Amino acid sequence: MSEISIPIYMDNHATTRMDPRVLQAMLPYFTEIYGNAASRTHRFGWEGEAAVSDARETIAQFIGAESEKEIVFTSGATESNNLAVKGVAEYYKGRGNHIVTTVIEHKAVLDSCKRLEKEGYEVTYVGVGSSGVVDPKAIEAAITDKTILVSVMLANNEVGTIQPIREIGQITRARNIVFHCDAVQGVGKTPFDVKDMNVDLASLTAHKIYGPKGIGALYVRRSKPRIRLVAQMDGGGHERGNRSGTLNVAGIVGFAKACQIMMQDGVAENERVFALRQSLYSQLTSALSDVVLNGDAERRLPGNLNVSFAFVEGEGLMMAIKDVAVSSGSACTSASLEPSYVLRAMGLDEDMAHSSIRFGLGRFNTQAEVDFVAKLVIDKVNKLRAMSPLYEMHQEGVDLKSIQWAAH
Ligand SMILES: *Cc1c(COP(=O)(O)O)cnc(C)c1O
């Protein structure tokens, strides 16, 4: 077996390791070319501005934008989602007060919508079935003559399901409704083209594609139709008035380098990552019973494997495999004991949601790591199940759902 080093990182939906080529591209922009890109009076500023301008073009090309002027830099996709949802709602409030989104969006979209509801906007949260894929017809049915914005993600961060963005874009374009897409998890991993898909605004972040943390962008369409926003950050009027604040030049250079690597190597990389994912899944399912894949098997990101191991607590399993970084749908966010809202929205019961593990494979994972992790998980799941009386009853053919538990 080839060398592996512990701990093993398989949480690439949370963030990715920065590619060394990205770091190399960024380094000069900390200590040599450190000018403020808004300084128009000297070479330090001009060089910073030139680097930003090149980066804008690369990022625009990466998503099929018409012009580099359509790229607005932000601190990351949380900010991009806030700017898109709140900025559009505010600008277009004369036309209507209704927003359509889905129950499986990232919190940055959902919480922006909740904020708007407090301010008098109405939001329809379209559901998903067990596949974790939104039906474009359900989006269409939710649209009213008050609808000003539709926001649907490209790929879900928990179950990796890829949403029908092109179909939704046809619907919104035909009705003249602004369409925002949180494209963070999907770009580089599944086809995405803002022109082709009629997307008007798209959120991106560098750290999910092997770039640095703290730098992102919002694509804002400038023609056919021109989309307008109300800025959420007031200041020097940077980014054509859409987002004030001194540009993070090194971060922007790194972001563009990450996009360029994806454009160059993405297709081959996705095939390799997909093969690793399939290998992990087939090793787990051939050795273990009652392993359920969460989310559509076909329409999903190459590196996403979200599975529930029935009769095993996700938190307990994660503790048992401490050498492997993964995440679980049972991870209690904030003070709540509620398991993943995405898995619950897909109809999983609490137990199965609590039993889920998300493996997020990426660029730096190897077959040796997959083999190690598969073996470890199989061993620990078997041990945890051996201690579970419920699993024993299940093995004996008892239908646990039919049991009347004594009240206490
Ligand atoms: C990570 C993520 C975000 C937030 O991005 P940040 O740059 O970390 O703020 C938004 N949407 C999705 C789908 C994500 O996975």
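Bear in mind that the values here come from a model prediction, so they are computed numbers and not experimental data. (Residues numbered from 1 in each chain as written. Predicted model: local features only at pLDDT ≥ 70, side-chain atom pairs only at ≥ 80, totals over all residues. Heavy atoms only, no water.)

A. The arrangement of the pairing of strand β8 (residues 216-220) in detail. Burial of β8 is extensive: 5 of the 5 residues sit out of reach of the surface. Both faces of β8 are covered, namely the face carrying G216, L218 and V220 and the face carrying A217 and Y219. In this sheet, β8 lies alongside strand β2 (residues 71-74) in antiparallel orientation, the contact comprising 4 bridges. The residue bridging F73 from the neighbouring strand is A217, located in β8. By the bridge criterion, 5 bridges tie strand β7 (residues 201-205) to β8 in an arrangement that is antiparallel. Within the sheet, the bridge partner assigned to L201 lies in β8 and is V220. (Buried < 20%, exposed > 50% of the residue type's maximum accessible area, 1.4 Å probe, protein only. Helix = DSSP H or I, 4+ residues; strand = E, 2+ residues; numbered from the N terminus. Pairing = 2+ DSSP bridges.)

B. Representation of the sheet that holds strand β10 (residues 304-309) in the model. If you trace the 4 strands from one edge of the open sheet to the other, you get β9-β10-β13-β12, paired in antiparallel fashion. Either end of the sheet is taken by a strand with one partner, and the two such strands are β9 (291-293) and β12 (327-328). Across the sheet, helix α8 (residues 249-287) lies against β9, β10 and β13 (356-360), angled at about 15° from β10, the strand it touches most. (Contact = heavy atoms within 4.5 Å. Axes fitted to C-alpha atoms, helices over the stretch in contact; angles between N-to-C directions.)

C. Inspection of empty space enclosed by the protein at higher detail. One pass over the structure, following the stated rule, counts 1 cavity of 30 Å³ or more. For the largest cavity, the calculated volume is near 120 Å³. Taken together, 17 residues line the largest cavity, and the ones lying closest to its centre are K189, Y210, G303, L361 and G362. In terms of residue count, α8 provides more of the lining of the largest cavity than any other element does, 4 residues in total. Of the residues assigned to the lining of the largest cavity, the class counts are 6 nonpolar, 8 polar and 3 charged. When residues are assigned to domains, the lining of the largest cavity turns out to be shared by domain 1 (8-13 + 266-396) and domain 2 (20-262), each giving three or more. (1 Å grid on protein atoms, 1.4 Å probe; cavity = no way out; pocket = protein on both sides within 12 Å on 5 of 7 lines; lining within 4 Å. Points joined across faces, edges and corners; volume = space filled by probe spheres on them. Nonpolar A, V, L, I, M, F, W, Y, C, P; charged D, E, K, R; others polar. Domains from an automatic or database assignment.)

D. Inspection of the packing of aromatic side chains at higher detail. For the structure shown, the criterion picks out 5 aromatic pairs. Taken together, a centroid distance of 5.7 Å and an interplanar angle of 80° make the contact between Y210 and F364 edge-to-face. Here the residue Y210 occupies a position in the loop between β7 and β8, and F364 occupies one in the loop between β13 and α12 (367-386), the gap between them amounting to 154 residues. A residue is classified by how much of its surface remains accessible, and Y210, at 3% relative accessible area, is buried. Directly above the aromatic system of Y341 lies the positively charged group of K107, at a separation of 4.3 Å from the ring centroid. (Phe/Tyr/Trp six-rings, centres within 6.5 Å; stacked < 30°, edge-to-face > 60°. Lys NZ or Arg CZ within 6 Å of the ring centre and 35° of its normal.)

E. Spotlight on the environment of Q367. Mapped onto the elements, Q367 comes out in helix α12. The class for Q367 is partly exposed, based on a relative accessible area of 35%. Measuring from C-alpha to C-alpha, the distance between Q367 and R173 comes to 44 Å, with 194 residues separating the pair along the chain.

F. Expanded view of the site of the ligand. Near the ligand you find 13 residues, and of these T78, D182, Q185, T205 and K208 are the closest. One of the backbone N or O atoms of A77 is found 2.9 Å from an oxygen atom in the ligand. Taken by itself the ligand offers 380 Å² of open surface, and the protein chains cover 87% of this. For the shell around the ligand, the leading source of residues is helix α4 (residues 77-91), giving 3 residues. In terms of residue class, the shell around the ligand is made up of 3 nonpolar, 8 polar and 2 charged. (Near = heavy atom within 4 Å. Polar contact = N/O pair within 3.5 Å; in protein donor to acceptor, adjacent residues only side chain to side chain. Areas by Shrake-Rupley, 256 points an atom, 1.4 Å probe, with all protein chains shown as cover.)

G. Molecular detail of the domain arrangement of the chain. For the chain, the assigned domains read domain 1 (8-13 + 266-396) and domain 2 (20-262). Around 2,300 Å² of area is buried between domain 1 and domain 2 when both sides are counted, 52% of it from carbon and sulfur atoms. If you look at where domain 1 meets domain 2, you find 0 salt bridges. Linking domain 1 to domain 2 there are 14 residue pairs in polar contact (both at pLDDT 80 or more). Of the residues belonging to the side of domain 1 that touches domain 2, the class tally is 8 nonpolar, 10 polar and 6 charged. (Buried area = accessible area lost by both parts, 1.4 Å probe. Salt bridge = Lys/Arg side-chain N within 4 Å of Asp/Glu carboxyl O.)

H. Looking closely at the pattern of salt bridges. Enumeration according to the criterion identifies 14 salt bridges in this entry. With its nearest N and O atoms 2.7 Å apart, the salt bridge here joins E79 to R243. One end of the pair, E79, is in helix α4; the other, R243, is in the loop between β8 and α8, and 164 residues separate them in sequence. For E79, a relative accessible area of 16% corresponds to the buried category.

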